[in-house]
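For reference, the chains in residue letters:
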Amino acid sequence: MLTVDFDRLGVGPGTRVIDVGCGAGRHAFEAYRRGADIVAFDQNADDLAGVDAMFEAMADAGEAPEYAKAEAVRGDALDLPYGDGAFDVVIASEILEHVPADDQAIAELTRVVKPGGALAVTVPRWLPERICWALSDEYHANEGGHVRIYRADELRDKITAHGLHPVHQDYAHALHAPYWWLKCAVGVRDDDNPLVRAYHRLLVWDMMSAPALTRTAERLLNPLVGKSVALYFTKPAVPR
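Residues numbered from 1 in each chain as written. Predicted model: local features only at pLDDT ≥ 70, side-chain atom pairs only at ≥ 80, totals over all residues. Heavy atoms only, no water.

Labelled according to an unreviewed UniProt entry, the protein chain appears under the name Methyltransferase family protein, originating from Nocardia neocaledoniensis.

This is how it looks when you write it as structure tokens:
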């Protein structure tokens, strides 16, 4: 389940990509599959071990081109161990809402984008997220949980303040918003609730089968209740 549009970012053979806060690696795997040189970056060693194992499995199965490079790197998003302009594409999907010092994280994300390169940032959308917070404190008030709710224009301004230009805004995962509202209403840890289990089966079926009905429904609902907002930016090329 991808939140970022890789076609819009132009990720392909030889593209140097870093997925900051990669988690379980869903975006890193897509970049590798497309032939990019990908760095999956996170502070969670357990997640990175799983990502590294998947990279190896993909290579063994021929699911990524032989020339593509993939590595899992542990570190702090507030201090990326890379030089200025090191990457063609920087991805930060669903991480900034977890970071208290988000201004510092944004400064690092924008710093490592090369001139002429692209940055994609996704966060939970304001309205669906506000409903979750209203229904449940447990949803966000926990270690490593969400520390803020962004408005898209607020986040855009934080990023453009570092010299990047906004190029597109999109929404994703509308079918997931009611699922999280339901979980917040019955208890976020109550996975055995019959309604939660039924909705989860629907989401899994949708992700595995991608039927036209649900794909069309989500595309139509995304502008209204998309769970995530995705913002795309470019860094101006250095003048000659």
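After that view of the structure, there is still more to cover.
Engineer: Whenever I open this one, the environment of A72 confuses me. Can you help?
Structural biologist: Along the chain, A72 turns up in strand β3 (residues 70-74). Sequence separation of A72 and E129 is 57 residues, and the distance between their C-alpha atoms is 30 Å. Filtering out sequence-adjacent residues up to four positions away, A72 remains in contact with A40, L48, D52 and F55. (Helix = DSSP H or I, 4+ residues; strand = E, 2+ residues; numbered from the N terminus. Contact = heavy atoms within 4.5 Å.)

Engineer: Looking at this structure, I do not really get the UniProt feature "domain: Methyltransferase type" (unreviewed entry) in the protein chain. What am I missing?
Structural biologist: Mapped onto this structure's residue numbering, the UniProt feature "domain: Methyltransferase type" (unreviewed entry) falls at residues 18-120. Within the segment residues 18-120, helix and strand shares are 33% and 28% respectively, and the terminal C-alpha atoms sit 11 Å apart. (UniProt positions renumbered as here; feature names shortened; annotations may be inferred.)

Engineer: Even after reading the chapter, I still don't get helix α5 (residues 126-135), so can you show me in this structure?
Structural biologist: Two residues of an α-helix separated by three or four positions point the same way, owing to the 3.6 residues in each turn. Looking at α5, one finds that the buried residues are P128, E129, C132 and W133. Relative to the axis of α5, the buried residues are bounded by an arc of 140° and lie together on one face. Buried residues in α5 make contact with β5 (113-124), α7 (176-186) and α9 (212-225). (Buried < 20%, exposed > 50% of the residue type's maximum accessible area, 1.4 Å probe, protein only. Arc of directions from axis to C-beta.)

Engineer: Looking at this structure, how should I read the pairing of β5?
Structural biologist: In regular strands, side chains alternate between the two faces of the sheet. In terms of residue burial, β5 counts as a mostly covered element, since nine of its twelve residues are buried. As paired elements, strand β4 (residues 87-93) and β5 share six bridges and run parallel to each other. Across the sheet, V90 pairs through a bridge with L119, a residue of β5. For the crossover that starts at β4, traverses helix α4 (residues 102-111) and ends in the parallel β5, the hand is right-handed. Bridge analysis of β5 against strand β7 (residues 228-234) gives seven bridges, and the strand direction is antiparallel. For P124, the partnering residue across the bridge sits in β7 and is S228. (Pairing = 2+ DSSP bridges. Right-handed = clockwise from strand over helix to strand, strands pointing away.)

Engineer: Just to check I follow, could you spell out the packing of α5 against α7 for this structure?
Structural biologist: When two helices pack together, their arrangement is given by the angle between the helix axes and by the axis-to-axis distance. Look at α5 against α7: their axes get within 8 Å of each other, and the N-to-C directions meet at 10°. On the basis of the axis angle, α5 is roughly parallel to α7. On α7, the residues touching P128, I131, C132 and L135 of α5 are A177, W180, W181, C184 and A185. Considered class by class, the residues forming the contact of α5 with α7 number nine nonpolar, no polar and no charged. (Axes fitted to C-alpha atoms, helices over the stretch in contact; angles between N-to-C directions. Parallel < 35°, antiparallel > 145°, perpendicular 65-115°, else oblique. Nonpolar A, V, L, I, M, F, W, Y, C, P; charged D, E, K, R; others polar.)

Engineer: Sorry, what's going on with the packing of aromatic side chains here?
Structural biologist: The relative placement of two aromatic rings is captured by the distance of their centres and the angle of their planes. Enumeration over the complete set of coordinates arrives at seven aromatic pairs. Judged by centre distance (5.6 Å) and plane angle (90°), the rings of F29 and F55 are edge-to-face. Of this pair, F29 sits in helix α2 (residues 26-33) while F55 is found in helix α3 (residues 45-60), placing the two residues 26 residues apart along the sequence. The two residues F29 and F55 agree in class, both being buried. Measuring from centroid to centroid gives 5.9 Å for Y139 and W180, while their planes differ by 65°, and the two rings are edge-to-face. Separated by 41 residues along the polypeptide, Y139 in the loop between α5 and α6 (152-160) and W180 in helix α7 bring together distant segments of the chain. Its relative accessible area of 11% is what places Y139 among the buried residues. Judged by its relative accessible area of 30%, W180 is partly exposed. Pairwise contacts between aromatic rings join Y139, Y179, W180 and Y199 into one cluster. Above the face of the Y171 ring, R125 is positioned so that its terminal group lies 3.7 Å from the ring centre. (Phe/Tyr/Trp six-rings, centres within 6.5 Å; stacked < 30°, edge-to-face > 60°. Lys NZ or Arg CZ within 6 Å of the ring centre and 35° of its normal.)

Engineer: I would appreciate a short explanation of the layout of surface pockets in the present structure.
Structural biologist: Empty space within the largest pocket amounts to approximately 1300 Å³. Lining the largest pocket are 43 residues, and of these S93, E94, E97, H98 and H146 sit closest to its centre. Those elements that provide at least two residues to the lining of the largest pocket are β1 (16-20), α2, β2 (37-42), α7 and α8 (194-209). Here the residues of the lining of the largest pocket sort into 16 nonpolar, 18 polar and nine charged. Approximately 360 Å³ is the volume found for the second largest pocket. Surrounding the second largest pocket, M1, L2, A172, H173, H176, D206, M207, A210, R215, E218, R219 and N222 form its lining. Of all the secondary-structure elements, those providing two or more residues to the lining of the second largest pocket are α8 and α9. The element contributing the most residues to the lining of the second largest pocket is α9, with four residues. The class makeup of the residues in the lining of the second largest pocket is five nonpolar, three polar and four charged. (1 Å grid on protein atoms, 1.4 Å probe; cavity = no way out; pocket = protein on both sides within 12 Å on 5 of 7 lines; lining within 4 Å. Points joined across faces, edges and corners; volume = space filled by probe spheres on them.)

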